[in-house]
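A closer look at the structure
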Amino acid sequence: RHHRTPRVKARVLVGIASYLVVPVVQVRSTSEWSAIVSEATGECLDTILPAQQVDLYACVSDGHNERFRLESGLLAVGPGDEGPGGASRSGWCLRGLTAAQAGPLGVHTSIQAPCNKSDPQMQFTYEGQVLRSGVRGLCLQAGPAGNDTPLLLARCVAGSKSQQWTFTSMPSSKPFAPPVP
């Protein structure tokens, strides 16, 4: 069996008041801990502290609150305490919501909840850079760019950059920055 070296390319990540260039390593498998980056916004899936929400935010080089993996059809949230307040929870997964479902819950985006393989809103397949929901005809979609960008389920639209995602390697062994007071 031949092993291929992952392709490495640079992506400019915009932080608050600074620019940071970090290498982006395409993953061999979506089951590796990864940052999931929107092709439309360049932002990463991110857990919101201390709420149970998941939206998009400017990617950070240490990966705190930005580690996910597609595991048995579920988008698992990164291991253990991944930042101040420990918003990322082991055994929790992304539960995609539509805009109509999010509003009555008082949220603007999808949520994280204990993993449940029988919940179609937690089921995802990754094909052609698209994360298709277990709810027929719906895909994971990024809202307009800007920190706290909504992450919602919407009708799948072929070729839509808002529904295209890249998994970039973010090993769980990578250290986290110290908590911010």
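All figures in this text were calculated on a predicted structure; none of them were measured in a lab.

Some remarks on the overall build of the chain
Along its length, the chain carries one helix and 14 strands. Residue burial in the chain is summarised as follows: out of 181 residues, 44% are buried. Counting only contacts in the chain whose residues sit at least 6 apart along the sequence, the fraction spanning at least 24 positions is 53%. Total accessible area computed for the chain in this model is approximately 9,400 Å², and 55% of it derives from carbon and sulfur atoms.

Points about the confidence of the model for the chain
Counting all residues, the mean pLDDT for the chain is 78, and 71% of those residues have values of 70 or more. Element-level mean pLDDT values for the chain span from 33 in strand E1 (residues 8–15) up to 98 in strand E11 (residues 130–133). Overall, residues 1–27 carries pLDDT values under 50, and its contacts beyond four positions in sequence, including any with other chains, amount to 50 contacts. Overall, residues 177–181 carries pLDDT values under 50, and its contacts beyond four positions in sequence, including any with other chains, amount to three contacts.

Overview of the packing of aromatic side chains
Using the criterion set out here, one finds one aromatic pair in the structure. When the centroid spacing of 4.6 Å and the interplanar angle of 65° are considered together, the rings of Tyr126 and Phe167 count as edge-to-face. Here Phe167 lies in strand E14 (residues 165–169) and Tyr126 lies in strand E10 (residues 124–127), a separation of 41 residues in the sequence. Look at Phe167 and you get buried, because its relative accessible area is 3%.

Details of the environment of Arg132
Positionally, Arg132 belongs in strand E11. Given a relative accessible area of 39%, Arg132 falls into the partly exposed group. Along the chain, Arg132 and Ala154 lie 22 residues apart, while their C-alpha atoms are 9.8 Å from each other. When residues no more than four places from it in sequence are discounted, the contact partners of Arg132 are Gln123, Phe124, Thr125, Leu138, Cys139 and Cys156.

Comments concerning the environment of Ala51
Considering the arrangement of structural elements, one finds Ala51 in the loop between strand E4 (44–47) and strand E5 (53–57). Judged by its relative accessible area of 25%, Ala51 falls in the partly exposed class. In this structure the C-alpha to C-alpha distance between Ala51 and Gln112, which are 61 residues apart in sequence, comes to 9.1 Å.

Details of the pairing of strand E6 (residues 68–71)
Where a strand is regular, its side chains alternate between the two sheet faces. Because side chains alternate across E6, one face comprises the buried residues Phe68 and Leu70, and the other comprises Arg69 and Glu71, none of which is buried. Where E6 meets strand E7 (residues 74–77), four bridges bridge the pair, whose relative direction is antiparallel. Residue pairing in the sheet places Phe68 in a bridge with Val77 of E7.

Looking at the state of the cysteines
Using the criterion set out here, one finds three disulfides in the structure. Between Cys44 and Cys59 runs a disulfide, and the two sulfur atoms are separated by 2.0 Å. On the sign convention where negative means left-handed, the S-S torsion of about 100° between Cys44 and Cys59 marks this disulfide as right-handed. In this pair, Cys44 sits in strand E4 while Cys59 sits in the loop between E5 and E6, placing the two residues 15 residues apart along the sequence. Paired through a disulfide, Cys139 and Cys156 show a sulfur-sulfur distance of 2.0 Å. Of note, the bridge from Cys139 to Cys156 carries an S-S torsion of about 95° and is right-handed in sense. Taken as a pair, Cys139 in strand E12 (residues 138–142) and Cys156 in the loop between strand E13 (151–155) and E14 lie far apart in primary sequence, 17 residues in all. Take the cysteines of the chain that form disulfides and number them in order along the sequence; they join up as 1-2, 3-4, 5-6.

Procedures and definitions
Residues numbered from 1 in each chain as written. Predicted model: local features only at pLDDT ≥ 70, side-chain atom pairs only at ≥ 80, totals over all residues. Heavy atoms only, no water. Helix = DSSP H or I, 4+ residues; strand = E, 2+ residues; numbered from the N terminus. Buried < 20%, exposed > 50% of the residue type's maximum accessible area, 1.4 Å probe, protein only. Contact = heavy atoms within 4.5 Å. Areas by Shrake-Rupley, 256 points an atom, 1.4 Å probe, with all protein chains shown as cover. pLDDT = per-residue confidence, 0-100. Phe/Tyr/Trp six-rings, centres within 6.5 Å; stacked < 30°, edge-to-face > 60°. Pairing = 2+ DSSP bridges. Disulfide = S-S within 2.5 Å.

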